[in-house]
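Descriptive structure summary
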Amino acid sequence: MKAWTQTSLLLLLAISTVCSGQQDFSNVTVQSQQLGESVYMLTGAGGNIGVSAGADGVFIIDDQYAPLSDKILTAIRAFSKAPIRYVINTHWHGDHTGGNETFAATGSVIIAHNNVRKRMSSDQFMAHFQRNAEASPPQALPVITFSDRLSLHLNGESVSAYHQPHAHTDGDSIIHWPSSNVLHMGDTFFNTTYPFIDLSSGGSLPGVIKATANGLALANDDTRIIPGHGPLASKSDLQAYHDMLIQVRDLVAAAKDSGQTLEQAIAAEITAELDQQWGQGFIKPADIITFAWQSPD
Ligand SMILES: [Zn+2]
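For clarity, every value in this text was computed on a predicted model and none was experimentally measured.

1. A closer look at the overall build of the protein
- Scanning the protein for helices and strands turns up 10 helices and 14 strands.
- Here the protein holds 297 residues, and 43% of them are scored as buried.
- Excluding contacts between residues fewer than 6 apart, the proportion of contacts in the protein whose partners are at least 24 apart in sequence is 64%.

Now the structure itself:
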């Protein structure tokens, strides 16, 4: 009984920590990997960061959580002393935009799709987590927004952000460095696990499938692909993930056609053949079935 109580208390503490967003970041280390002459990937906690650092200065893709800004800056300072001129947000979620306010205060210009600014400007309810995300302070908001595509002509190449409608959210971008042959997929790509799809922010499984197909069309066998979460990937990793999503879509469509309810499809473990490989992350088989089931076409 006592052990049970202690376990419950620990679980409750863990859950309340996650829900309040008050994670402890003191043990997080931010590490960098060089992907090209002027392109790097940073990992820490939250979404993977892409960095361009060259003669014209530095710009970054996503900025994780606010308490990590100093560690992110220190990691960048190992290869560039130049100011961070721009931050591009791949979407609005706090594990990708949390550093906006601190970077903006040091002079960075924040750039994102129109819907990123829109969602960060007001309180958001994330249905999957049953959690409210408070509106961001004005200083954290993107000051340059775009609808379909935006290019930055810096450090010897034209880097393009392409909007992916109704994918992980309604404001996702994938970012392509054509000369360096690097692609940042944002959270349209969780490498090695089932993805979180934020239906309450306008996301959908068909949109994620489309985004991954668009990423594949930009990539070749030598492309270094930065996923929103998970380790650095190749085109074959993105292809495997894309194919898994198609299988999930088709399994859910077949379950619907056979007259099953969502609850019955979950109980029947319709994704069992995929779960061993893809279901070990924080998104469980029941979650991915639910995302697929509830996605608009
Ligand atoms: Zn996200």
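There's more to say after this.
2. Observations regarding the pairing of strand E4 (residues 57-61)
- Buried residues dominate E4, accounting for 4 of its 5 residues.
- As paired elements, strand E3 (residues 49-54) and E4 share 5 bridges and run antiparallel to each other. In the strand pairing of E4, Ala-53 is matched with Val-58.
- Hairpin geometry of E3 and E4 is characterised by an intervening segment of 2 residues between the two adjacent antiparallel strands.
- The sheet contact formed by E4 and strand E5 (residues 84-88) spans 4 bridges and is parallel. Paired with Phe-59 across the bridge in E5 is Tyr-86.
- Crossover connection from E4 via helix H2 (residues 69-77) to parallel E5: handedness right-handed.

3. Some thoughts on the pairing of strand E10 (residues 149-154)
- Here 6 bridges tie E10 to strand E11 (residues 157-164), and the two strands are oriented antiparallel to one another. Opposite His-153, over in E11, you have Ser-158 as the bridge partner.

4. Focus: H2
- Regarding H2, the residues found buried are Ser-69, Ile-72, Ala-75 and Ile-76. When H2 is viewed along its axis, its buried side chains cluster within an angular range of 125° and face the same direction. Turned more than 90 degrees away from the buried face of H2, the exposed residues are Asp-70, Thr-74 and Arg-77.
- Each element contacted by the buried residues of H2 is listed here: strand E1 (31-34), strand E2 (39-43), E3, E4 and helix H4 (100-105).

5. A look at the nonpolar core
- Core analysis: the largest hydrophobic core is formed by 67 residues, its most contacted members being Leu-42, Val-51, Ile-60 and Ile-88.
- If one sorts the elements of this core by residue count, helix H7 (residues 235-257) sits on top with 7 residues.
- If near-sequence neighbours (up to four positions away) are discounted, Leu-42 is found in contact with Val-30, Gln-31, Ser-32, Ile-49, Val-51, Ile-72 and Ala-75.

6. Some points on the sheet that holds strand E12 (residues 172-177)
- The mixed open sheet is built from 5 strands, whose spatial order is E10-E11-E12-E13-E14. For this open sheet the edge positions go to E10 and strand E14 (224-226), each flanked by a neighbour on one side alone. In this sheet, adjacent strand axes meet at a mean angle of 15° when their direction is disregarded.

7. Things to note about the confidence of the model for the protein
- Residues with a pLDDT of 70 or more make up 93% of the protein, whose mean pLDDT is 93.
- Throughout residues 1-20 the model reports pLDDT below 50, and contacts reaching past four residues in sequence, or to other chains, amount to 3 contacts.

8. A look at the environment of Leu-245
- Following the sequence through the fold, Leu-245 ends up in helix H7.
- In sequence terms Leu-245 and Thr-212 are 33 residues apart; their C-alpha atoms lie 9.5 Å from each other.
- When near neighbours in sequence (up to four residues on either side) are disregarded, Leu-245 contacts Leu-205, Val-208, Ile-209 and Thr-212.

9. Some words on unusual backbone geometry
- Phi is positive for Asp-62, close to 70°, though the residue is something other than glycine.
- In this fold, Asp-62 is placed in the loop between E4 and H2.
- For Asp-62, a count of 30 C-beta atoms within 10 Å gives the class buried.
- For His-166, which is not glycine, the phi torsion reads 45° and is therefore positive.
- Judged by local crowding, His-166 falls into the buried class, with 23 C-beta atoms found within 10 Å.

10. Observations regarding the environment of Asn-115
- By the secondary structure assignment, Asn-115 is in helix H5 (residues 114-120).
- Setting aside anything within four residues of it in sequence, one finds Asn-115 in contact with Asp-170 and Gly-171.

11. Considering the sheet that holds E2
- Read across the open sheet, the 7 strands follow the order E1-E2-E3-E4-E5-E6-E9; overall the sheet is mixed. The sheet is open, and its two borders are formed by E1 and strand E9 (144-146), each paired with just one other strand. When strand polarity is set aside, the average angle formed by the axes of neighbouring strands in this sheet is 20°.
- Here H2 sits on the sheet in contact with E1, E2, E3 and E4, set at roughly 40° to E3.

12. Brief notes about the environment of Leu-216
- With respect to the secondary-structure elements, Leu-216 resides in helix H6 (residues 205-218).
- It is 10.0 Å that separates the C-alpha atoms of Leu-216 and Ser-234, two residues lying 18 residues apart in sequence.

13. Considering the packing of H6 against H7
- Two elements in contact, H6 and H7, have axes separated by 10 Å at closest approach and are oriented at 155°. The angle between H6 and H7 places the two elements in the roughly antiparallel class. You can see that H6 and H7 cross each other, and the crossing is left-handed. Residues Leu-205, Val-208, Ile-209, Thr-212, Ala-213, Gly-215 and Leu-216 of H6 form the contact with H7, whose participating residues are Lys-235, Leu-238, Gln-239, Tyr-241, His-242, Leu-245, Ile-246 and Arg-249.
- Of the residues contributing to the contact of H6 with H7, the split by class is 9 nonpolar, 4 polar and 2 charged.

Quick notes on the rules
- Residues numbered from 1 in each chain as written.
- Predicted model: local features only at pLDDT ≥ 70, side-chain atom pairs only at ≥ 80, totals over all residues.
- Helix = DSSP H or I, 4+ residues; strand = E, 2+ residues; numbered from the N terminus.
- Buried ≥ 20, exposed ≤ 12 C-beta atoms within 10 Å, placed from the backbone.
- Contact = placed C-beta atoms within 7 Å.
- Pairing = 2+ DSSP bridges.
- Right-handed = clockwise from strand over helix to strand, strands pointing away.
- Arc of directions from axis to C-beta.
- Core = buried A, V, L, I, M, F, W, Y, C linked by C-beta atoms within 7 Å.
- Axes fitted to C-alpha atoms, helices over the stretch in contact; angles between N-to-C directions.
- pLDDT = per-residue confidence, 0-100.
- Parallel < 35°, antiparallel > 145°, perpendicular 65-115°, else oblique.
- Left-handed = near helix turned anticlockwise from the far one by under 90°.
- Nonpolar A, V, L, I, M, F, W, Y, C, P; charged D, E, K, R; others polar.

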